Amino acid sequence: RHVRSKIAIVSYVSLLFVCISVYVLQKITKRRERFFDAASQTTTDYAVEVVNPPKDARDMYEWRRFFQQFGHVTCCTVALDNE
């Protein structure tokens, strides 16, 4: 009977250890996921799309000059009839 209670205690402690370990590893993984997501930036993070621009506003250099008043512009493309 004494041996059974020791086995039960060891099993309970082992289960508790595994549960806590899984919880801690999940927290660490989430934290690293947020860090890596913030560290990897793509062009879509800073892209601006103008839908249905006026027909006379087709000059990409004009668009570039307009958006440069708000910050650095790396690339400017005007897509026409792209619905």
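Refer to the structure printed above.
Criteria and cut-off values
- Residues numbered from 1 in each chain as written.
- Predicted model: local features only at pLDDT ≥ 70, side-chain atom pairs only at ≥ 80, totals over all residues.
- Heavy atoms only, no water.
- Helix = DSSP H or I, 4+ residues; strand = E, 2+ residues; numbered from the N terminus.
- Buried < 20%, exposed > 50% of the residue type's maximum accessible area, 1.4 Å probe, protein only.
- Lys, Arg positive; Asp, Glu negative; His and termini not counted.
- Charge placed at Lys NZ, Arg CZ, Asp CG, Glu CD.
- Patch = residues over 30% accessible without salt bridge, like charges linked within 9 Å, V, L, I, M, F, W, Y side chains within 5 Å.
- Areas by Shrake-Rupley, 256 points an atom, 1.4 Å probe, with all protein chains shown as cover.
- Salt bridge = Lys/Arg side-chain N within 4 Å of Asp/Glu carboxyl O.
- Phe/Tyr/Trp six-rings, centres within 6.5 Å; stacked < 30°, edge-to-face > 60°.

A.B. asks: Give me the overall build of the protein: which residues, what numbers.
C.D. replies: Within the protein, the secondary structure is distributed over 2 helices and 0 strands. The dimensions of the protein, computed from C-alpha atoms along their principal axes, are 90 × 25 × 15 Å. Considering the protein as a whole, with its 83 residues, one finds that 5% of them fall into the buried category. Of the side chains in the protein, 12 bear a positive and 9 a negative charge, and the two mean positions are spaced by 28 Å.

A.B. asks: Please set out a nonpolar patch on the surface residue by residue, giving values where relevant.
C.D. replies: Taken together, the side chains of Ile9, Tyr12, Val13, Leu16, Ile20, Tyr23, Val24, Leu25 and Ile28 present a nonpolar region at the surface, about 890 Å² in accessible area. Relative to the elements of secondary structure, Val13 occurs in helix α1 (residues 2-39).

A.B. asks: Please provide a residue-by-residue account of the packing of aromatic side chains, values included.
C.D. replies: Scanning the entire structure with this criterion turns up 3 aromatic pairs. Where Trp63 meets Phe67, the ring centres are 5.9 Å apart and the plane angle is 20 degrees; that geometry is what we call stacked. Taken together, the positions of Trp63 and Phe67, both in helix α2 (residues 60-68) and 4 residues apart, correspond to about one turn of that helix. Residue Trp63 is classed as buried on the basis of its relative accessible area of 17%. The interplanar angle of 75 degrees and the centroid separation of 5.1 Å between the aromatic rings of Phe66 and Phe67 together place this pair among those described as edge-to-face. Since its relative accessible area comes to 24%, Phe67 is described here as partly exposed. Linked through ring pairs, Trp63, Phe66, Phe67 and Phe70 together constitute an aromatic cluster.

Function cannot be read off these values alone, since they describe shape.
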